[in-house]
Amino acid sequence: MIDILIKGGTVVTAEGCRIGDVAVRGEKIVAVTEPGEYTEAGRVIDAAGLFVVPGAIDTHSHIEEEFKGVKPLETWTQATRNAAVGGVTMVLNFINQAKGKTMVETVEGEIERINGLTCIDYNVHPVFIYYDDNDEVVAQLPVLKEMGIPSIKAFTVYDEGGFADDYSIYRLMRGLKELGGVLGVHAENKAMTEQIQNEFIARGETGAEYYAATKPPIIEAEATHRICMLAEETGCRTYLVHMSCKEAVDIVASFQAKGLPIYGETCGQYLTMTEDKYLEPNGFREFITPPLRKEEDQERLFRGIREGTIQIYGSDHCPFGKDAKDEGYYRSGFTEVAYGGVGLLENVPMLFAEGVLKERISAERFVEITSTNPAKLFGLYPQKGTLSAGSDADIVLYDPAKEVTLGTALYDNVDWTAYEGRKIVGFPVLTMQRGHILVDHGEFYGQAGGGRFLPGELKEEIAASVR
Ligand code: URP
Ligand code: ZN
Ligand code: ZN
């Protein structure tokens with residue numbers, strides 16, 4: 001007996017689109033068929049006119065992460081409820097190494113804690129913050145791998161928040177290369193960021209209108225180039241997070257052309273907002289690093305997605321409340337705002353609306369960068385990332401005609417979003433995880449503890465098929 005039959009939708013995978021049915025038994029998909037092959041099921045969902053896609057895997061979230069002492073408003077439970085409303089069925093969340101603990105201790109403690117809180121499945125990217133003992137860091141990489149955590153992340157900026165020097169990154173890459181792991185890197189040139197920002201501060205130019213100019217593209221481009229060179233030297237699988245500018249996309253494309261395992265990620269905010277946002281009232285709340293850029297950068301990012309330079313799409317969700325943002329900004333301009341924007345809920349629907357429905361990318365490419373490639377790169381495929389017999393029944397139904405006004409009303413416990421009031425056409429109407437309906441036409445049916453930690457096991461040939 002089939003438990004759930006999703007009938008007559010446009011079923012989309014990275015390989016193609018077709019009208020068909022998806023049959024679910026228990027937590028798994030048992031078949032994807034021509035229309036009408038199964039007729040009976042515990043529940044039949046009419047998906048005529050809808051797109052049926054694998055649940056998105058958000059590769060870049062900062063749930064419950066503090067920045068300079070500022071805590072986000074949303075809890076893990078609220079954040080994963082919000083994710084499900086936006087069609088996200090799994091997050092790969094950053095976990096900063098805790099002071100006085102090793103990375104392994106930090107991650108073990110967090111997994112135990114998150115298991116009782118999460119509404120959707122998850123894995124983590126540990127972020128190495130304390131670099132005084134490189135030996136310990138490198139020695140723990142195999143332990144993390146055994147735990148099912150194939151990736152870690154390093155920053156080339158942020159003095160008090162995890163800056164790793166080039167040698168530390170080089171050592172991490174050597175260690176990860178041996179294990180077949182992935183290094184994620186936030187690439188910006190620290191010295192130039194600090195000193196260019198000091199020039200603005202000295203002139204008293206700390207308002208929002210100056211913010212983008214304090215971090216010009218060269219800051220990202222130079223660091224991206226440096227990281228690509230280290231990736232070439234070590235052969236380490238390297239994932240450049242939140243790429244924002246055309247220069248960085250060109251650099252990554254040139255290194256990928258040599259056959260190197262370098263992957264690019266971008267986020268909805270870079271595709272759908274420009275630096276003009278900073279001229280709007282409260283636009284400073286969207287201070288993110290790197291900053292919002294120009295339309296020509298958006299064009300290059302979309303081309304990068306189409307051409308395969310950018311294979312991964314994340315939100316960089318940092319749900320700091322508006323009081324904390326405003327207090328920092330009015331105290332000292334761009335220097336003291338907790339960086340990061342809100343976007344876990346809107347990120348994937350924005351790509352569907354602005355990318356697929358406006359024909360900038362195909363529906364197949366949408367699925368590939370939001371779900372299939374994340375699953376492949378982080379060792380979760382084919383359990384996640386596709387719609388096929390044996391895969392987890394993580395399924396999202398998009399109504400391409402549904403008009404939605406974005407904003408905090410869609411969220412639980414988020415009090416601002418840069419998308420407030422923006423209308424989009426095309427939105428998820430049903431989100432299912434492992435056969436359980438989490439969201440049906442806006443109603444949430446999930447629960448804290450309903451999600452699980454899912455270990456990743458990176459397989460060479462699968463990772464090599466990320467494109
Ligand atoms: O502003 C951003 N991007 N978020 C803060 C943490 C990060 O990823 O850099
Ligand atoms: Zn970052
Ligand atoms: Zn981030």
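Data block above holds the structure.
In short, a report on the structure. (Residues numbered from 1 in each chain as written. Chains lettered and ligands numbered in written order. Predicted model: local features only at pLDDT ≥ 70, side-chain atom pairs only at ≥ 80, totals over all residues. Heavy atoms only, no water.)

## Some words on the site of ligand 1
Where we set the bar: Residues are counted as near a molecule or strand when any one of their heavy atoms sits within 4 Å of it. Throughout this description, a polar contact denotes any pair of N or O atoms lying within 3.5 Å of each other; where both atoms belong to protein, one of them has to be capable of donating a hydrogen while the other can accept it, and for residues adjacent in sequence the pair is counted only when both atoms sit in side chains. Here the accessible surface of atoms and residues is derived via Shrake-Rupley with a 1.4 Å probe, and residues count as covered only by protein chains that are part of the display.
Around ligand 1 sit 13 residues, and of these H62, Y158, H186, T289 and D316 come closest. For ligand 1, an oxygen atom lies 3.4 Å from a polar atom in the backbone of G340. Here ligand 1 loses 99% of its free accessible area of 260 Å² to cover by the protein chains.

## A closer look at the environment of T405
To keep it simple, the criterion reads: Strands are runs of DSSP state E lasting at least 2 residues, helices are runs of H or I lasting at least 4, and numbering of each runs from the N terminus. The criterion used for residue contact is that any of the two residues' heavy atoms lie within 4.5 Å.
If you trace the backbone, T405 turns up in strand β14 (residues 395-405). Taking the C-alpha atoms as reference points, T405 and G180, separated by 225 residues in sequence, lie 43 Å from one another. Setting aside chain neighbours within four positions, we find T405 in contact with L410, G421, R422 and K423. Within polar-contact distance, the side chain of T405 engages the side chain of K423 at 3.5 Å.

## Observations concerning the coordination of the zinc ion (ligand 3)
Where we set the bar: Here the term donor refers to an N, O or S atom within 2.8 Å of the metal (or 3.2 Å for Na, K and Ca), and because water is left out of the atoms, sites may appear incomplete. Labels for metal geometry use angle windows, namely 85 to 135 degrees for all angles of a four-donor tetrahedral site, and for square planar (four donors) or octahedral (six donors) sites opposite donors over 155 degrees apart plus all others within 65 to 115; sites meeting none of these are irregular.
Coordination of the zinc ion (ligand 3) by the protein is provided by H60 (NE2), H62 (NE2) and D316 (OD), with metal-donor distances spanning 2.0 to 2.1 Å. Geometry at the zinc ion (ligand 3) is irregular, judged from its four donor atoms and the angles of 88 to 137° they form at the metal. Positions of the donor residues of the zinc ion (ligand 3), expressed as sequence spacing, correspond to H-x1-H-x253-D. Taken as a pair, the zinc ion (ligand 3) and the zinc ion (ligand 2) show a spacing of 3.6 Å.

## Regarding helix α4 (residues 166-179)
Inclusion rule: In a helix, the anticipated span is given by 1.5 Å times the number of residues less one. Only protein chains enter the accessibility calculation, which uses a 1.4 Å probe; a residue whose area is less than 20% of its type maximum is buried, one above 50% is exposed, and one in between is partly exposed.
Counted at 1.5 Å a residue, the expected span for α4 with its 14 residues is 20 Å, and the 20 Å between its end C-alpha atoms agrees. Of all the residues in α4, the buried ones are S168, I169, R171, L172, M173, G175 and L176. Residues of α4 that are buried make contact with α3 (134-146), β9 (151-155), β10 (182-186), α7 (217-234) and β11 (237-240). Two residues or fewer past α4, G180 is found with a positive phi of approximately 75°.

## What to know about the coordination of the zinc ion (ligand 2)
Think of it this way: four donors in a tetrahedron around the metal ideally sit 109.5 degrees apart, and six in an octahedron ideally sit 90 or 180 degrees apart. Protein coordination at the zinc ion (ligand 2) comes from H186 (ND1) and H242 (NE2), with a distance range of 2.0 to 2.1 Å. What the four donor atoms of the zinc ion (ligand 2) show is an angle range of 57 to 146° at the metal, which sorts the shape as irregular. By relative accessible area, H186 is classed as buried at 1%.

## What about the pairing of β14?
Heads up, the rule is: Paired strands, as defined in this entry, are two strands with at least two bridges between them according to DSSP.
Pairing between strand β5 (residues 51-54) and β14: four bridges, direction antiparallel. Residue pairing across strands places V52 opposite L397, the latter belonging to β14.

## What to know about the environment of T75
Inspection of the secondary structure assignment puts T75 in the loop between β6 (56-61) and α1 (76-85). In this structure the C-alpha to C-alpha distance between T75 and I305, which are 230 residues apart in sequence, comes to 32 Å.

## Quick notes on the packing of helix α2 (residues 103-115) against α3
Where we set the bar: For every element, the axis is a line fit to its C-alpha atoms; helices are fit only across the contacting stretch, and the angle between N-to-C directions ranges from 0 to 180 degrees. Throughout, the term roughly parallel applies to angles under 35 degrees, roughly antiparallel to angles over 145, roughly perpendicular to angles from 65 to 115, and oblique to all others. When residue character is reported, Ala, Val, Leu, Ile, Met, Phe, Trp, Tyr, Cys and Pro are called nonpolar, Asp, Glu, Lys and Arg charged, and the others, Gly included, polar.
Axis separation between α2 and α3 bottoms out at 9 Å; the angle between their running directions is 30°. Relative to α3, α2 is oriented roughly parallel. In this structure, α2 uses M103, V104 and V107 to contact α3, whose residues at the interface are Q140, V143 and L144. Classifying every residue of the contact of α2 with α3 by side-chain character gives five nonpolar, one polar and no charged.

## Some thoughts on the side chain of K190
As for its position among the elements, K190 is in helix α5 (residues 190-202). Residue classification places K190 among the buried residues on the basis of a relative accessible area of 15%. Beyond its immediate stretch of four places on either side in the chain, K190 contacts T156, V157, D159 and F163.

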